[in-house]
Amino acid sequence: MITGTLKSQVDRIWDAFWSGGISNPLTVIEQITYLLFTKRLDELHTVRERKANRLGKPIEDPIFSAKQQPLRWSRFKDREAGEMYELFRDEVFPFIKKLHEGRESAYSRFMKDAVFVIPTPNLLQRVVTMLEALPMEDRDTKGDLYEYMLSKIATAGQNGQFRTPRHIIKMMVELVAPTPQDTIADPACGTCGFLVAAGEYLREHHPDIFHDAALRQHFNHGLFHGTDFDSSMLRIGAMNMTLHGVEDPDIRGLDSLSQEGTGIRDRYTVILANPPFKGSLDYESVAKDLLRLTSTKKTELLFLALFLCQLKAGGRCACIVPDGVLFGSSKAHREIRRHLVEDHKLDGVISMPSGVFKPYAGVSTAILIFTRTDSGGTDQVWFYDMAADGFSLDDKREPVKENDIPDILAKWKKRNPKKDTDRTAKAFFVPKAEIAENKYDLSINRYKEVQYEAVEYEPPLVILDQLEALETEIQQDLKELREMVG
């Protein structure tokens, strides 16, 4: 967790961009990303340089050649503003763009369309000086700082994209509890928040992962997979993964719902996602196998079908859906719910309060947790009525005491269909047969029993007497006031 001082340092960098003429938050993040990456390259080269010096051998896999030494962050950061600007624009930036040229990697993919747009030498020098002052030596601080910068993307994107709160992401990761052997994907990865959180979970709960060569290789090159069709988000997402210590995640530009995405099927053991749920697509542009599962143009339903197609049998998913998916009455809505309940194992439905995504959107949402089985397995579905997430549910989203997340995680781990039967409680099970009888309606209000508290009032005649007494008192006050004025 970064401190208030560090936040102030980041805020000043942000302010510098705004006063320097760059006000689009995504552009600011992109430009900071390029500078941080340049700094990171120099740090990596320095580590290899020191190792070579200790061993008395040539540098193994150097990033900068002897002629490219002036392009290192540590070499140009103290130069005069105009000189630094020309060097960065004409040599450093083209160098980092072509770094992995000819080699397929997350880095080469996210830098493909990168553009350097910092307009003036003074702004570049100010930002370089401020970034240099940030303590980014350890991975945790580096990742937290970048996360804090991402939190400043305060505007919703097009097509219903908006940033998922980190505490909600962390809760979803803990619900599916990934293991080092898993293959984790987010088919609408955005800034890679889910993948980053999954990586942090593995570091915390499986610290031995880096003592095993095969698991370490899997962590850095095979565990994390993300796709998105927004190239700006891809660049930011890939950098987010890099700054959180994942060397070569599989982050690629792809419309997962399109026919082009059919190459990714039966591949992952865990999917974590908050896909964009707004708007409709053309039938022609959607992968045919998804339409066979749910004949609809609605993105939120198509993404559910996609998750089932991309999971391996036995793979599990936690995803956010709009409330309409839970109770929508169209044939497509009912069919995808029936599919989840009858053909796979729907494990849980967590109903979230409508303010969770403010200030981006006020839409009501829920988390679905399910396992692809291809052979059913749903006997009982666990429901939780989440009323608070630790933050106010208005646009300010300030921390508050009320928070159901610890209770959700505790009850999820101890869930028991035989014990959790009280429909007035926050968490309870509902049998599959009852859900089927209700046309696979998954909204919690369909099954939750609301307890009404009896309120006793005075008899009507007593209330009338009280009103008369009050009226008499008001008249007396008015009379006294009139005498005082008159």
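Residues numbered from 1 in each chain as written. Predicted model: local features only at pLDDT ≥ 70, side-chain atom pairs only at ≥ 80, totals over all residues. Heavy atoms only, no water.

Per an unreviewed UniProt entry, the protein chain carries the name site-specific DNA-methyltransferase (adenine-specific) and comes from Nitrosococcus halophilus.

Chemist: Mind showing me how you'd approach the overall build of the protein chain here?
Modeler: Looking only at helices and strands, the protein chain features 18 helices and eleven strands. Dimensions along the principal axes, computed over C-alpha positions, put the protein chain at roughly 100 × 80 × 45 Å. The buried share among the 486 residues of the protein chain stands at 49%. A separation threshold of at least 6 residues defines the contact pool for the protein chain, and within that pool the share at least 24 residues apart is 72%. Total accessible area computed for the protein chain in this model is approximately 23900 Å², and 50% of it derives from carbon and sulfur atoms. For the protein chain, the centre of its 64 positive side-chain charges and the centre of its 73 negative side-chain charges are spaced 7 Å apart. (Helix = DSSP H or I, 4+ residues; strand = E, 2+ residues; numbered from the N terminus. Buried < 20%, exposed > 50% of the residue type's maximum accessible area, 1.4 Å probe, protein only. Contact = heavy atoms within 4.5 Å. Areas by Shrake-Rupley, 256 points an atom, 1.4 Å probe, with all protein chains shown as cover. Lys, Arg positive; Asp, Glu negative; His and termini not counted. Charge placed at Lys NZ, Arg CZ, Asp CG, Glu CD.)

Chemist: Before we go on, may I ask you to explain unusual backbone geometry in this structure?
Modeler: Most peptide bonds take the trans configuration, and most residues that are not glycine carry a negative phi. The phi torsion at Ala177 lies on the positive side, around 45°, for a residue other than glycine. Mapped onto the elements, Ala177 comes out in the loop between helix 8 (166-176) and strand 1 (184-186). The backbone of Asp266 sits at a positive phi, close to 50°, despite the residue not being glycine. Of note, Asp266 is situated in the loop between strand 3 (250-253) and strand 4 (268-273). Residue class for Asp266 comes out partly exposed when judged on its relative accessible area of 44%.

Chemist: Hey, could you run me through helix 15 (residues 331-343) in this one?
Modeler: An α-helical segment advances 3.6 residues per turn. Residues three or four places apart therefore align on the same side. With 13 residues, helix 15 extends 17 Å between its outermost C-alpha atoms, agreeing within 8% with the 18 Å of an ideal straight helix rising 1.5 Å per residue. Every buried residue of helix 15 is accounted for by Ala332, His333, Ile336, Arg337, His339, Leu340 and Val341. The inward-facing, buried residues of helix 15 abut helix 12 (288-293), helix 13 (299-310), helix 14 (323-327), strand 6 (345-352), strand 7 (365-371) and helix 17 (432-437). (Expected span 1.5 Å × (residues − 1).)

Chemist: Would you explain the confidence of the model for the protein chain in this entry?
Modeler: For any part of a model where pLDDT is low, the fine detail of the predicted coordinates should not be relied upon. Per-residue pLDDT for the protein chain averages 89, and the proportion of residues at 70 or more is 93%. When mean pLDDT is compared element by element in the protein chain, strand 4 scores highest at 98, while helix 5 (residues 106-111) scores lowest at 66. Counting contacts from residues 155-160, a segment whose pLDDT is below 50, to residues more than four positions away or on other chains yields ten contacts. (pLDDT = per-residue confidence, 0-100.)

Chemist: Whenever I open this one, a nonpolar patch on the surface confuses me. Can you help?
Modeler: A contiguous nonpolar patch, built from Val455, Tyr457, Leu461, Ile463, Leu464 and Leu467 and spanning about 660 Å² of accessible area, is present on the exposed surface. Here Ile463 is to be found in helix 18 (residues 460-485). (Patch = residues over 30% accessible without salt bridge, like charges linked within 9 Å, V, L, I, M, F, W, Y side chains within 5 Å. Salt bridge = Lys/Arg side-chain N within 4 Å of Asp/Glu carboxyl O.)

Chemist: Can you walk me through the pattern of salt bridges in this structure?
Modeler: Close approach of charged atoms allows side chains with opposite charge to pair. All told, the structure shown has 24 salt bridges when counted by the stated rule. Asp250 is the salt-bridge partner of Arg252, the closest N and O atoms lying 3.1 Å from each other. When the shortest N-O distance is used, the salt bridge between Arg397 and Asp389 registers 2.5 Å. The pair Arg397 / Asp389 is uniform in exposure class, with both members buried. Each of Lys39, Arg40 and Glu43 takes part in a single network of salt bridges with overlapping partners.

Chemist: Even after reading the chapter, I still don't get the packing of helix 1 (residues 4-19) against helix 2 (residues 25-55), so can you show me in this structure?
Modeler: Axes are the key here: two packed helices are described by the angle between their axes and the distance separating the axes. Contact pair helix 1 / helix 2: the axes reach a minimum separation of 11 Å and the direction vectors enclose 115°. As helix 1 packs across helix 2, the resulting crossing turns out to be right-handed. Every residue of helix 2 that contacts helix 1 at Ile13, Trp14 and Phe17 is listed here: Pro25, Val28, Ile29, Gln31 and Ile32. Of the residues assigned to the contact of helix 1 with helix 2, the class counts are seven nonpolar, one polar and no charged. (Axes fitted to C-alpha atoms, helices over the stretch in contact; angles between N-to-C directions. Left-handed = near helix turned anticlockwise from the far one by under 90°. Nonpolar A, V, L, I, M, F, W, Y, C, P; charged D, E, K, R; others polar.)

Chemist: Would you take a moment to explain the packing of aromatic side chains for this structure?
Modeler: The description of an aromatic ring pair uses the distance of the two centres, along with the angle that the planes make with each other. Evaluation of the coordinates by the stated rule reveals 15 aromatic pairs. Ring plane angle 90° and centroid distance 5.2 Å describe the contact between Phe219 and Phe224, whose orientation is recorded as edge-to-face. Owing to a relative accessible area of 1%, Phe219 belongs among the buried residues under this scheme. Aromatic side chains Phe303 and Phe307 sit 6.0 Å apart centroid to centroid with 40° between the ring planes, which places their arrangement in the tilted category. Highlighted residues: Phe303 and Phe307, both in helix 13, separated by four residues, approximately one helical turn. For Phe307, a relative accessible area of 1% corresponds to the buried category. Of the aromatic side chains, those joined through ring pairs into one cluster are Tyr34, Trp73, Phe76, Tyr85, Phe88, Phe93 and Phe116. (Phe/Tyr/Trp six-rings, centres within 6.5 Å; stacked < 30°, edge-to-face > 60°.)

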